[in-house]
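Results of the structural survey
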Amino acid sequence: MGPTPKANVCRRLSRRTLGFFARDAGVVQRTNLGILRELVCQVTPAVLGVPGVHPPPGESTKFKNVWTTHSKSPIAYERGRIYFDNYRCCVSSVASEPRKLYEMPKCSKSEKIEDALLWECPVGEILPNPSDYKSSLIALTAHNWLLRISATTGEILEKIYLASYCKFRYLSWDTPQEVIAVKSAQNKGSAMARQAGTQQPVLLYLAVFRVLPFSLVGILEINKKVFANVTDATLSHGILIVMYSSGLVRLYSFQAIIEQFMQQKLDLGCACSQGGTTGTVGEAPFGIPCNVKITDSPSPLFEVSSLENAFQIGGHPWHYIITPNKKKQKGVFHICALKDNSLAKNGIQEMECCSLESDWIYFHPDASGRIIHVGPNQVKVLKLSEVENDSSQHQISEDFVIWANREDRNENLVTVTASGRVVKRNVNLLDDDPEQETFKIVDYEDELDLLSVVAVTQIDAEGKAHLDFHCNEYGTLLKSIPLVESWDVTYSHEVYFDRDLVLHIEQKPNRVFSCYVYQMVCDPGEEEDIVNRKD
């Protein structure tokens, strides 16, 4: 029996009230973030090192290294939380000094968490349980359990057993905060089967769930008999993306595949029979049978060939970025219209640089439709706009460029021989020569609308890095934060800028991981000025 009319009215009123609260909260949050942006960008000229830049009197902030720790297992960061020991231990980085939120019981290697996503409660929605209004960690374990864990206490709120017929290994958002895709490791087949020349037809599986509460969309197999020469597949925004060894990339509608090839609808917690075995869907040892098996080649929505299957979609209107599928074209990027594959005017982007590491390009994550192209000594922000007098064609133009702070090192070196003869020698350094300032990481802080750029210079035996904040609209340098720890360019590095926090994670040899936490503080010079003024 459904809810009474009175209950329906109450539900509508509560949703409307929540909507008002959400809208008012949004206004307050935007105001607070604007104030925080001003605080973050207050500069100390001595730190910035830029002539002519002066903060208002008594107004400057800096980022201080407040905590450093080391670990033998990978360290992960997500929204103010630092995870250690394969997500078993969680530390909050929001307080003035990081503090432990929880530590889950020790477990065997087969039970460890291999991948995780942070789910945050949507504002203004009615949820079934009180615990649903707090953030959760959606985690995948090594023995194929999908867990929903309280992000504040570590309590397991929901658990689903996936399957025993494959090894699930990766988690990703299909639709952010709404639908997740759980991807299996690729099936290489047994050593005996490979020696006998027998091929395993199924390359991998994709299990797709709606979150909160968990509900199964389906488990799809990627079969080589249907997708010949397939090398990988993934799911993003309702699109199945399939990559082939030839460099071909094909896009399919996942919803159309579900409607055409789902063998049976499965509901978590319900009884099911499969292959003569009966069990409960999502419970061990039965798990979830594969219920979406493609038997005929579906019609692709779109296909394109690109070097190393590199392919991105973005912009307004939709465009895509590829590299022509030839090795000599590496470092050359074509920006084309999705509707008709036409190349945009000035749509061939190639950064003229000589470096060991290649440049990279991607659509700006701020939804402006712009494009970021990063090289060793420059960050180009490109904009996509209509060609004048021709609204059907679009062009690429420079919005702004951020340059590395470098001296002109490509100068003639003069030496004098023993006989007194002057010899001039022209030396051309690589663009990513470690002794020159080189860009390593470029990211975007969406809440403060700032571009963050990590630049590194090798000084004597060690590298020194600084994190620069740039205006996202014009590229103006607003603040520079020196990182106190040395930066070895041969190590793997991640840098996160999250509101008033900067976090640097590095992986050293022999699986040693280090984490450096910086927090925004009032500059001591400002405190002294305030005291002196009071006296």
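Residues numbered from 1 in each chain as written. Predicted model: local features only at pLDDT ≥ 70, side-chain atom pairs only at ≥ 80, totals over all residues. Heavy atoms only, no water.

**Things to note about the overall build of the protein**
For the protein, the helix and strand inventory stands at five helices and 37 strands. Burial statistics for the protein: of 535 residues in total, 44% are counted as buried. Of the contacts made within the protein by residues no fewer than 6 positions apart, 47% connect residues no fewer than 24 positions apart. (Helix = DSSP H or I, 4+ residues; strand = E, 2+ residues; numbered from the N terminus. Buried < 20%, exposed > 50% of the residue type's maximum accessible area, 1.4 Å probe, protein only. Contact = heavy atoms within 4.5 Å.)

**Considerations on the packing of aromatic side chains**
By the definition in use, this model includes 12 aromatic pairs. Geometrically, the ring pair formed by Phe63 and Phe469 is edge-to-face, given 5.9 Å between the ring centres and 80° between the ring planes. Here the residue Phe63 occupies a position in strand S1 (residues 61-71), and Phe469 occupies one in strand S33 (residues 462-471), the gap between them amounting to 406 residues. For Phe63, a relative accessible area of 8% puts it in the buried group. Since its relative accessible area comes to 0%, Phe469 is described here as buried. A ring pair is formed by Tyr83 and Tyr87, whose centres lie 5.3 Å apart and whose planes are at 45°; its orientation type is tilted. Like Tyr87, Tyr83 is buried. Members of the aromatic cluster, connected to one another through ring pairs, are Phe63, Phe469 and Phe497. Sitting over the ring of Trp145, Lys159 keeps its end group 4.6 Å from the ring centre. (Phe/Tyr/Trp six-rings, centres within 6.5 Å; stacked < 30°, edge-to-face > 60°. Lys NZ or Arg CZ within 6 Å of the ring centre and 35° of its normal.)

**Details of the sheet that holds strand S9 (residues 156-161)**
Taken together, the four strands give an open sheet; going across it, the order is S6-S7-S8-S9, and neighbouring strands pair in antiparallel fashion. Both edges of this open sheet fall to strand S6 (113-119) and S9, since each of them pairs with a single strand only. Direction aside, neighbouring strands of the sheet carry axes that sit 20° apart on average. (Pairing = 2+ DSSP bridges. Axes fitted to C-alpha atoms, helices over the stretch in contact; angles between N-to-C directions.)

**A closer look at the pattern of salt bridges**
Under the counting rule described, the total for this entry stands at 16 salt bridges. We note a salt bridge from Asp232 to Lys183, for which the minimum N-O separation is 2.7 Å. Residue Asp232 is found in strand S14 (residues 230-236), and its partner Lys183 is found in strand S11 (residues 179-184); the two are separated by 49 residues along the sequence. Residue Asp232 is classed as partly exposed on the basis of its relative accessible area of 23%. Lys265 is the salt-bridge partner of Asp267, the closest N and O atoms lying 3.1 Å from each other. Looking at Asp267, the relative accessible area reads 39%, which means it is partly exposed. Counted as one network, the salt bridges with shared partners bring together Asp85, Arg88, Lys100 and Glu103. (Salt bridge = Lys/Arg side-chain N within 4 Å of Asp/Glu carboxyl O.)

**A closer look at the pairing of strand S32 (residues 450-459)**
Counting buried positions along S32 gives eight out of 10 residues, so the element sits mostly inside the fold. As defined by bridge partners, strand S31 (residues 438-445) adjoins S32 across seven bridges and the pair is classed as antiparallel. By the bridge assignment for S32, Glu445 is matched with Leu450. Between S31 and S32, which pair antiparallel one after the other, the connecting turn spans four residues, and Asp449 there sits at a positive phi close to 55°. Where S32 and S33 come together, 10 bridges link them in antiparallel fashion. Each bridged residue has a counterpart across the sheet, and for Val454 the counterpart in S33 is Leu467. Hairpin geometry of S32 and S33 is characterised by an intervening segment of two residues between the two adjacent antiparallel strands and by a positive phi of about 55° at Asp460.

**Notes on the side chain of Arg148**
Looking at the element boundaries, Arg148 is found in strand S8 (residues 145-150). By relative accessible area, which is 4% here, Arg148 ends up buried. Among the polar contacts listed, one links the side chain of Arg148 to the side chain of Ser136, at a separation of 2.9 Å. Ignoring sequence-local partners within four residues, the contact set of Arg148 consists of Ser131, Asp132, Ser136, Leu137, Glu155, Ile156, Leu157, Glu158, Leu212 and Phe214. (Polar contact = N/O pair within 3.5 Å; in protein donor to acceptor, adjacent residues only side chain to side chain.)

**Some thoughts on the nonpolar core**
Counting residues in each nonpolar core, the largest one holds 29 residues, and the members touching the most others are Leu146, Leu162, Phe168, Ile180, Val182, Phe209 and Ile288. Residue contributions to this core peak at four residues, all from strand S12 (residues 202-210). Apart from the residues within four sequence positions on either side, Phe168 is in contact with Glu114, Leu140, Thr141, Asn144, Leu162, Ala163, Val182, Lys183, Ser184, Tyr205 and Ala207. Core analysis: the second largest hydrophobic core is formed by 25 residues, Ala181, Tyr252, Ile258 and Val292 among them. (Core = buried A, V, L, I, M, F, W, Y, C linked by side-chain atoms within 4.5 Å.)

**Here's the deal with the confidence of the model for the protein**
Mean pLDDT over the protein stands at 85; residues scoring 70 or higher make up 82%. Considering only residues more than four positions removed or in separate chains, one finds that residues 44-58, a stretch of pLDDT under 50, has 19 contacts. Every residue in residues 526-535 is under pLDDT 50, and counting partners more than four places away or in other chains gives five contacts. (pLDDT = per-residue confidence, 0-100.)

**A few points about helix H4 (residues 254-261)**
Of the positions making up H4, those classed as buried are Phe254, Ile257, Ile258 and Phe261. On an axial view of H4, the arc spanned by its buried residues comes to 100°, and they lie on one face. Along H4, the residues that are exposed and aim more than 90 degrees away from the buried face are Glu259 and Gln260. On its buried face, H4 is in contact with S12, strand S13 (215-223), S14, strand S15 (239-244), strand S16 (248-253) and strand S19 (292-293). (Arc of directions from axis to C-beta.)

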